[in-house]
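What follows is each chain in one-letter form.
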Amino acid sequence: MNKLSFLFLMLTVLPLVASDPGTAALAFLEKLRTGNVDYGPDGDTALQANTSKGKQEQIRKQLERVARGVADGRLELGDIKQDGDYAGVLVRKIGSYDSSDMNVFPIALVRENGKWMPAPVVASFENAVTGYTTQVKKRLEALEIWMLRQRVEDLEFIISESGERMRREILEEFPPEQLTNESPRKFVEGFLEACKTGNQAAILGYLGGLEKKKPEDWSERLKVSEMVNDRTIINGFPWRLVVSEEVVREVVHEDLDERGGTISIACLDPALVSMHGSLSKIKLLHISVRKGASDRFLINLPQALILNDMDELHTDEDLDVDLLDLFTTRLRGIDGAKGSESPEIASKSVIEGLKTGNLRTLLTRVDFEGTAKKARIAATSAAEIWWSVNDPSILRIPVQVGFKEQGDLAMASYQWFSMTYPDRFELRTFTFKKTSGGWMWVPGIVSRDEREDQDILNEWAKKSSAEWEKGWMNILMRESVRLEKIDTSRLVTDEDAEELMEQWNMAMRSGKIESALGLSAWCDSKGGLPVKLLRNINYAVTDAREVSAEFHGIFRNDSWVAVAVKHTGDKETYFSFHPIVLTAEGPKMLPEIDLIVGRDRTRRFLNEQVFKKLGENCDPEEVSELEGLFQTFSEQVESE
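Residues numbered from 1 in each chain as written. Predicted model: local features only at pLDDT ≥ 70, side-chain atom pairs only at ≥ 80, totals over all residues. Heavy atoms only, no water.

How do you make sense of the side chain of Ser480 when you look at a structure like this?
Tracing the backbone shows Ser480 in the loop between helix 16 (451-476) and strand 13 (481-483). In this structure Ser480 comes out as buried when scored by relative accessible area, which is 9%. Reaching out from Ser480, the side chain makes a polar contact with the side chain of Trp522 at a distance of 2.8 Å. In contact with Ser480, other than residues within four places in its own chain, are Leu517, Ser520 and Trp522. (Helix = DSSP H or I, 4+ residues; strand = E, 2+ residues; numbered from the N terminus. Buried < 20%, exposed > 50% of the residue type's maximum accessible area, 1.4 Å probe, protein only. Polar contact = N/O pair within 3.5 Å; in protein donor to acceptor, adjacent residues only side chain to side chain. Contact = heavy atoms within 4.5 Å.)

It is not clear to me how the nonpolar core should be interpreted in this structure. Could you clarify?
As a rule of thumb, nonpolar side chains are buried together in soluble globular proteins. In this structure, Phe191, Trp239, Ile299 and Leu301 are the most contacted members of the largest nonpolar core, which totals 46 residues. Looking at this core element by element, the count peaks at six residues for helix 6 (residues 184-197). Those residues in contact with Leu301, other than ones at most four positions away along the chain, are Phe191, Leu207, Val224, Trp239, Ile287 and Ile306. One finds Leu395, Trp472, Ala497 and Leu533 within the second-largest nonpolar core, a separate group that totals 38 residues. (Core = buried A, V, L, I, M, F, W, Y, C linked by side-chain atoms within 4.5 Å.)

Sorry if this is basic, but what is going on with the packing of aromatic side chains here?
Each aromatic ring pair is characterised by the separation of its centres together with the angle its planes make. This structure, assessed with the given rule, holds 17 aromatic pairs. Seen in terms of ring centroids, Phe577 and Phe633 are 5.3 Å apart; in terms of plane orientation they differ by 20 degrees. Their pairing is stacked. Placement of the pair is Phe577 in strand 17 (residues 573-583) and Phe633 in helix 21 (residues 620-639), with a sequence separation of 56 residues. In this structure, Phe577 and Phe633 share a single accessibility class: buried. Members of the aromatic cluster, connected to one another through ring pairs, are Phe555, Phe575, Phe577, Phe611, Phe630 and Phe633. Looking at Arg424, its charged tip hangs above the ring of Tyr421, at a distance of 4.1 Å from the centre. (Phe/Tyr/Trp six-rings, centres within 6.5 Å; stacked < 30°, edge-to-face > 60°. Lys NZ or Arg CZ within 6 Å of the ring centre and 35° of its normal.)

What's the story with the sheet that holds strand 12 (residues 438-441) in this structure? I'm lost.
The strands making up a sheet associate through hydrogen bonds between their backbones, and the pairing can be parallel or antiparallel. Spatial strand order, 9-10-11-12: four strands in an open sheet with antiparallel pairing. Pairing within the sheet leaves two strands with one partner each, and these edge strands are strand 9 (396-406) and strand 12. Across the sheet, the axes of successive neighbouring strands diverge by a mean angle of 25 degrees, strand direction being ignored. Bridge count between strand 9 and strand 10 (residues 409-418): 10 bridges; the pairing is antiparallel. Residue Phe403 lies in a different strand from strand 10, and its bridge partner there is Ala412. (Pairing = 2+ DSSP bridges. Axes fitted to C-alpha atoms, helices over the stretch in contact; angles between N-to-C directions.)

How should I be thinking about the packing of helix 13 (residues 343-356) against helix 15 (residues 372-390) in this particular structure?
At a minimum axis distance of 8 Å, the contact between helix 13 and helix 15 shows a crossing angle of 60 degrees. In terms of their interaxial angle, helix 13 and helix 15 are classed as oblique. Here helix 13 and helix 15 pass one another in a crossing that is right-handed. Each of Gly353, Leu354 and Lys355 in helix 13 lies in contact with helix 15, whose residues at this interface are Ile385, Trp386, Val389 and Asn390. In the contact of helix 13 with helix 15, the residues fall into four nonpolar, two polar and one charged. (Parallel < 35°, antiparallel > 145°, perpendicular 65-115°, else oblique. Left-handed = near helix turned anticlockwise from the far one by under 90°. Nonpolar A, V, L, I, M, F, W, Y, C, P; charged D, E, K, R; others polar.)

Before we go on, may I ask you to explain helix 20 (residues 601-614) in this structure?
A turn of α-helix holds 3.6 residues, and therefore any two residues three or four places apart point the same way. The end-to-end C-alpha separation of helix 20 is 20 Å, in line with the 20 Å expected for 14 residues at 1.5 Å each. Arg603, Asn607, Val610, Phe611 and Leu614 are the residues of helix 20 that are buried. End-on, the buried residues of helix 20 take up no more than an arc of 95 degrees, which puts them together on one face. Residues of helix 20 that are exposed and point more than 90 degrees away from the buried face comprise Arg601, Thr602 and Lys612. Tucked inside the fold, the buried residues of helix 20 contact helix 19 (531-544), strand 19 (595-596) and helix 21. Where helix 20 begins, the side chain of Asp600 points an oxygen toward the backbone nitrogen of Thr602, at a separation of 3.3 Å. (Expected span 1.5 Å × (residues − 1). Arc of directions from axis to C-beta.)

Please explain the state of the cysteines as it appears in this structure.
Here a disulfide denotes one covalent bond, and it connects the sulfur atoms of two cysteines. Counted according to the given criterion, the structure contains zero disulfides. For Cys195, which is in no disulfide, the shortest distance to another cysteine sulfur is to Cys267 and amounts to 12 Å. (Disulfide = S-S within 2.5 Å.)

Which parts of the structure should I look at to understand a negative patch on the surface?
A contiguous patch of negative charge on the surface is contributed by Glu344, Glu405, Asp408 and Asp449. With respect to the helices and strands, Asp449 occurs in the loop between strand 12 and helix 16. Taking relative accessible area as the criterion, Asp449 reaches 66% and is therefore assigned exposed. (Patch = residues over 30% accessible without salt bridge, like charges linked within 9 Å, V, L, I, M, F, W, Y side chains within 5 Å. Areas by Shrake-Rupley, 256 points an atom, 1.4 Å probe, with all protein chains shown as cover. Salt bridge = Lys/Arg side-chain N within 4 Å of Asp/Glu carboxyl O. Lys, Arg positive; Asp, Glu negative; His and termini not counted. Charge placed at Lys NZ, Arg CZ, Asp CG, Glu CD.)

How should I be thinking about the environment of Ile554 in this particular structure?
The topology assignment puts Ile554 in strand 15 (residues 548-556). When the C-alpha atoms of Ile554 and Ala497 are compared, they prove to be 8.0 Å apart, with 57 residues separating the residues in sequence. Sequence-distant contacts of Ile554, defined by excluding residues within four places in its chain, comprise Asp494, Ala497, Glu498, Val561, Ala562 and Val563.

What is the right way to look at the sheet that holds strand 8 (residues 297-300) in this model?
Pairing is antiparallel in the open sheet, where four strands are placed in the order 5-6-7-8. At either end of the open sheet lies a strand with only one pairing partner, and these are strand 5 (248-257) and strand 8. Going across the sheet, the axis of each strand differs from the next one's by a mean of 25 degrees, ignoring polarity. Judged from the four bridges that link them, strand 7 (residues 282-291) and strand 8 form a sheet pairing that is antiparallel. Counterpart to Val289 in the pairing with strand 8 is Ile299.

Any chance you could explain the side chain of Glu592 here in plain terms?
Mapped onto the fold, Glu592 is located in the loop between strand 18 (586-589) and strand 19. Although Glu592 lies buried, it forms no salt bridge, and the closest oppositely charged side chain, Lys613, sits 6.7 Å away as judged by the N-O distance.

Explain the pairing of strand 15 to me, please; I cannot follow it from the model alone.
Side chains on a regular strand alternate between the two faces of the sheet. With eight bridges joining them, strand 15 and strand 16 (residues 561-568) adopt antiparallel strand pairing. When the bridges of strand 16 are listed, Arg556 appears paired with Val561. Counting the residues between successive antiparallel strands, the hairpin from strand 15 to strand 16 contains four residues.

Nothing here speaks to function; it is all geometry.
Dropping the structure here:
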């Protein structure tokens, strides 16, 4: 009887009996993964109460090693052997295609009061059974011997079967004709797409997984296929050049013969910190495609990707200039240019392009006329500006403060507002040029015959800077509602409050600061910028990237209506409380009133400061009513 037939027989002859210890063993290993395990007596194992403290510590350390062994990969039920109230279960770890990462864990189990409990020691009933007879001892020893012997056989089986399993899964994702019929360029593009989606089976197909004789560096290729599902790796350099949606890629050269060749891809990554000028934001990836022994294509990656080492990615501004200069030419040939009817429309389109988060689309608005080097400077400068708006670590809003047209040029000026430094004035100017195809953005260098007009515009921006510095705050806050006093005489309906909260949560999830300001009201800061409102919006947007927000209920009394929200993240769950006021412009949030349920000293102090600040814009009785409403909600949360 072969191995698969034996396993099938085991699972079909004893489906009800065997499933209980098997399910218990799987559940125990899954719980070990979480690290939330009670190792003591009456905990998550059958550990006996009379086990010494020293022995308990040894058991804990052993199980922590097992936990590290099952930290990743897929767990699958293997063979099961049961003898009355005792059982041995083999659990396979087979999530990886790398045989060195496969394992089989033998779990001994004891049935106590109808419930199967894992023994505290792997492959042993030690410290799990007491007061047993000689006959029971022999039965337990037989199960222990079976687990150890069967583990060796099972591990050999899953390792030998892993190659066939890999082949089956590759063929499910990867038609073999792609390995012979596609052009090298299409083949590389397919590989890049598989990397973006994290399709490990397809990636292995591209790297030679269907070859009878695997490439000599097969172990490294297996590691590469695992890298693309490791978020810490693909979000960093150099792998983000391959997978990130923020990177603009274009094939700039194909060096081919009848057996394959090399595809050179220029990658414009806006996140690259330039040490030698903006041009270094463009990097070259050289990916080799060759036919193997079976006449199928397979990909050979550059060392930078294999080693996950950016220092191995060498792009020389002088030696590679011909390839780098082709980047904007290829880009313009594929995507074209999108000029605007007027400079005002052009400036609006560029700002919208910066906000939508698609760099490639934005580059269609950029003027690439002139030398190849000027075009590259324009592309990389645009990418740098795009990143300043889309960098997830700093939330920014371009606030237009001025506009002027001069000859065939125009300039739009912006306060480059940062939520991190809300009171800092940072002026940026954008130049636009009238071309045969319409008005285009010139983020790089204007031509020599346009410099006189450029100088006039620069002088205008310089002279206007002081005036803009005084007035940009009013422009930023014009969509919000400024209150001298909070009016609690009129209350919003439950429906309006819930709808506003949903709009607010959507703005937080999408990072749309201007939308959030349009939903907000704030108390008069004596002519200054409402820094706390902006700071709290910044916190909320950042929090929304990792934490989900769910409507939890509406609370009201004679003076206030507030929406309760449940926030759930990987590490914690908390509840916030949001008063909503009815203004002349409709229902509005009060982001300055940031109340969060909590009994620790810091949270109590912060909530007290919120109520104290609220007293500057409300009567004491109204503040007390909101305190009482929040207290009611807090008690409800704590009782749940």
